[in-house]
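# Commentary on secondary and tertiary structure
Take a look at the letters that make up each chain.
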Amino acid sequence: MVLKRGRLYLIARLFDMLFGKKSGMIGPSQIARNDMTDDFLPFSKPSISQAAIDDVVACLKSGWITTGPRVDQFTENLKIYFQAPYVLPLASATAGLHLALMAMNIEPGDEVITTPLTFAATLNVIVLAGGKPVLVDIDPATLNMDMNLLEAAITPRTRVIMPVHFAGLPVDLTPLYDIAHRHGLRVLEDAAHAIGAEYKNKRIGSFGDTQVFSFHPNKNMTTGEGGCVVTRDQALAEQIARLRFHGIDRQAWNRFSKQGSQHYEIVLPGFKYNMMDIQAALGIHQLSELTHFIQRRQELAHRYQEALSDWQQWALPASPSYEHGHAWHLYTPLINEEVAGMNRDQFMSAMKEKNVGTGLHYRAVHLYPYYRETHGFKPGDFPCAEDVCERIVSLPLFPTMTEADHDRVLDVMYSIFKK
């Protein structure tokens, strides 16, 4: 098998040889071959500024570590960022999805429609809220829920549609909301991958029903662990606020301060899903840097797209026809096994041997034992998602990734496929 490399990549190699890496073009690095196997290059790494570290330390020294004034400040900053009236920071995006479904009054047997190509948390929260997950296969071009299949999945028991903005690419929301409104359904957008993404020049989170974002360390911004719910529904926001901290009927974080009160009421059995000030101290700085983070992710993703454009071993991420801004949480090409001469898992293993990390996002959720045994899903139910989940791989992508890092990934890939 002869490896076909991108034209720009070959031109850049020539410039590298002639001018000592002065071309500035996409190409292999001048890193010595043994450097490919020295330091491990992870597929993702958070970008933490010294100012953020200093603020976290100051938070620790202040004696106020759990929910407090920094969470309040982070909340206000998020409201400004999303131009949304209600934002609720939480311990995780999973907590946000769980509480949002509970606040939407999901009852046993109620159906929530989502996608099989997602992390298990998306389905887990449906079950934990008392609902039944109903799946719609993906569009193989976007890897998001196929809007042409959505309406057929709706039944009299359907209550919520939960799309996932996969890898930071927004779902085609116009037809989705048209269907939801026509059937009187709520929409809960799993936007764990999508902070900073845009749909038709509107920021995800600035419009629509309700969105949930993740601040996990591998996401576009992080609070260590954490997430938030964004909504325009006051009643929903108030219910989530009660549910996230033991069912207390009012803000209670300041009850230990001079201005606070030790008296409060428990109005329902709630959870311990609140965000801490330590997390918010980090999040305040991360949010201020988010635009830069996403710009860098976009640059690196486009660099992959150009460099791999002629590699027949890969089917590259496609750009949908609707207007959008991709947040590029992940860069996820699909391996073409027959051309590559190996499957996805073999490729990932080969990359690891050469000290370059990759990610697997995701196995199709309906194939996990619990969902097969409890909800009756089986192989063949969602063929597009099943095909993708056997071929998808996440290549390294993070804001502090340098051109040399990027070239190293490409060089290692070249060395694996070259025969």
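Here goes a summary of the coordinates provided. (Residues numbered from 1 in each chain as written. Predicted model: local features only at pLDDT ≥ 70, side-chain atom pairs only at ≥ 80, totals over all residues. Heavy atoms only, no water.)

## Examining the layout of surface pockets
Our working rule: A cavity, in this analysis, means grid points on a 1 Å lattice covering only the protein atoms where a 1.4 Å probe fits yet has no way out; a pocket is instead an open set bounded by protein on both sides within 12 Å along at least five of seven lines, and a residue lines either one if it has an atom within 4 Å of a point. Grid points are joined across faces, edges and corners, and a volume is the space filled by probe spheres set on the points. The helix count covers DSSP runs of H or I at least four residues long, the strand count covers runs of E at least two residues long, and both are numbered beginning at the N terminus. In this count, Pro and Cys sit with the nonpolar residues alongside Ala, Val, Leu, Ile, Met, Phe, Trp and Tyr, while Asp, Glu, Lys and Arg are called charged and the others, Gly among them, polar.
What the second largest pocket holds in volume is close to 310 Å³. When residues of the lining of the second largest pocket are traced back to their parent elements, those giving at least two are α4 (93–103) and α5 (121–128). Examining the composition of the lining of the second largest pocket, we find that 3 residues originate from one element, α4, more than from any other. Residues of the lining of the second largest pocket, tallied by class, amount to 7 nonpolar, 11 polar and 3 charged.

## Observations concerning the sheet that holds strand β4 (residues 158–161)
In any sheet, the strands associate via hydrogen bonds between backbone groups, in a parallel or an antiparallel arrangement. Note the following rule: DSSP bridges decide pairing: two strands pair if at least two such bridges lie between them. Axes, fitted as lines to C-alpha atoms, cover a helix only where it is in contact. Angles between the N-to-C directions of the axes lie from 0 to 180 degrees.
Read across the sheet, 7 strands follow the order β1-β9-β8-β5-β4-β2-β3 without closing on themselves; strand pairing throughout is mixed. The sheet terminates laterally at β1 (86–90) and β3 (132–135), the two strands that pair on one side only. When strand polarity is set aside, the average angle formed by the axes of neighbouring strands in this sheet is 25°. Where strand β5 (residues 186–190) meets strand β8 (residues 210–214), 3 bridges bridge the pair, whose relative direction is parallel.

## Describing the sheet that holds strand β11 (residues 324–325)
Taken in spatial order, the 3 strands line up as β7-β6-β11 in an open sheet, and their pairing is antiparallel. Each of the sheet's edge strands pairs with one partner strand only, and the pair in question is β7 (202–203) and β11. With 2 bridges joining them, strand β6 (residues 198–199) and β11 adopt antiparallel strand pairing. Bridge assignment links Y199 to a residue of β11, and that residue is H324.

## Focus on the pairing of β8
This is how the line gets drawn: Residue exposure (1.4 Å probe, protein chains only): buried if accessible area is under 20% of the type maximum, exposed if over 50%, otherwise partly exposed.
Across the 5 residues that make up β8, a large majority, 5, are buried. By the alternation rule, side chains of β8 split into T210, V212 and S214 and Q211 and F213, which are all buried. When β8 meets strand β9 (residues 227–231), the two strands line up antiparallel, connected through 5 bridges. Paired with T210 across the two strands is T231, which belongs to β9.

## Some points on helix α13 (residues 383–391)
Filter applied, for reference: Every residue pair with non-hydrogen atoms within 4.5 Å of one another is taken to be in contact.
Residues of α13 that are buried include every one of A385, E386, V388, C389 and R391, and no others. Along its buried surface, α13 packs onto β10 (314–315), β12 (334–335) and α11 (344–353).

## Quick look at helix α9 (residues 277–307)
Condition: Here the expected length of a helix is defined as 1.5 Å per residue gap, with one fewer gap than residues. A residue's bend is the angle separating two fitted axes: one through the seven residues that end there, the other through the seven that start there.
The terminal C-alpha atoms of α9, which comprises 31 residues, lie 42 Å apart, in line with the 45 Å expected from a rise of 1.5 Å per residue. Of all the bends in α9, the largest measures some 55° and sits at E289.

## Some remarks on the packing of aromatic side chains
To keep it simple, the criterion reads: Between 30 and 60 degrees the pair is tilted, below 30 it is stacked and above 60 it is edge-to-face, where a pair is any two Phe, Tyr or Trp rings, Trp via its six-membered ring, whose centres lie within 6.5 Å.
Considering all chains together, one arrives at 15 aromatic pairs under this definition. Ring geometry for W314 versus F347: centroids 5.0 Å apart, planes at 75°, classification edge-to-face. In this pair, W314 sits in strand β10 while F347 sits in helix α11, placing the two residues 33 residues apart along the sequence. Classification of F347 by relative accessible area gives buried; the value is 0%. Between the aromatic rings of Y370 and Y371, the centroid separation amounts to 4.8 Å while the plane-to-plane angle is 90°, which identifies the pairing as edge-to-face. Look at Y371 and you get buried, because its relative accessible area is 3%. Each residue in the set W311, W314, F347 and F417 is aromatic and connected to the rest through ring pairs, giving one cluster.

## Notes on the side chain of R408
Going by this rule: By the counting scheme adopted, Arg and Lys are positive, Glu and Asp are negative, and His together with the chain ends is not counted. Salt bridges are defined by distance alone: a side-chain nitrogen of Lys or Arg within 4 Å of a carboxyl oxygen of Asp or Glu.
As for its placement among the helices and strands, R408 is situated in helix α14 (residues 403–417). As a buried residue without a salt bridge, R408 has its nearest oppositely charged side chain in D405, at a separation of 5.2 Å.

## Quick word on the pattern of salt bridges
Evaluated as defined, the whole model comprises 13 salt bridges. Residue D110 pairs with R157 through a salt bridge whose shortest N-O separation is 3.0 Å. Placement of the pair is D110 in the loop between α4 and β2 (111–114) and R157 in the loop between α6 (147–150) and β4, with a sequence separation of 47 residues. We classify R157 as partly exposed; its relative accessible area is 36%.

## Some details on the nonpolar core
The following threshold applies: Within this scheme, the nonpolar core is defined by two criteria: the residues are buried Ala, Val, Leu, Ile, Met, Phe, Trp, Tyr or Cys, and they are joined through side-chain atoms within 4.5 Å.
In terms of nonpolar packing, the biggest core is built from 45 residues, with F74, F82, L150, F213 and F215 touching the most fellow members. Looking at this core, the elements that each hand over two or more residues are α3 (69–82), α6, α7 (173–183), β9 and α9. Aside from chain neighbours lying at most four places away, what touches F215 is F74, L78, I195, M221, T222, T223, G224, E225, G226, G227, C228 and M275. Grouped together as the second largest cluster of nonpolar side chains are 30 residues, L308, W311, W314 and Y331 included.

## A word on the packing of helix α2 (residues 50–62) against α9
For any two helices packed against each other, the geometry comes down to the angle between their axes and how far apart the axes lie. Definition in use: Convention used here: angles under 35 degrees read as roughly parallel, angles over 145 as roughly antiparallel, angles from 65 to 115 as roughly perpendicular, and any remaining angle as oblique. Handedness of each helix crossing follows the sense of rotation of the near helix against the far helix: counterclockwise by less than a right angle gives left-handed, clockwise gives right-handed.
Close contact between α2 and α9 brings their axes to 9 Å; oriented N to C, the two are set at 155°. Our classification of the angle between α2 and α9 gives roughly antiparallel. The interaxial crossing formed by α2 with α9 has right-handed handedness. Only D277, I278, A281, L282 and H285 of α9 make contact with α2, whose side of the interface consists of A51, A52, D55, V56, C59 and L60. Looking at the contact of α2 with α9 residue by residue, the classes come out as 8 nonpolar, 1 polar and 2 charged.

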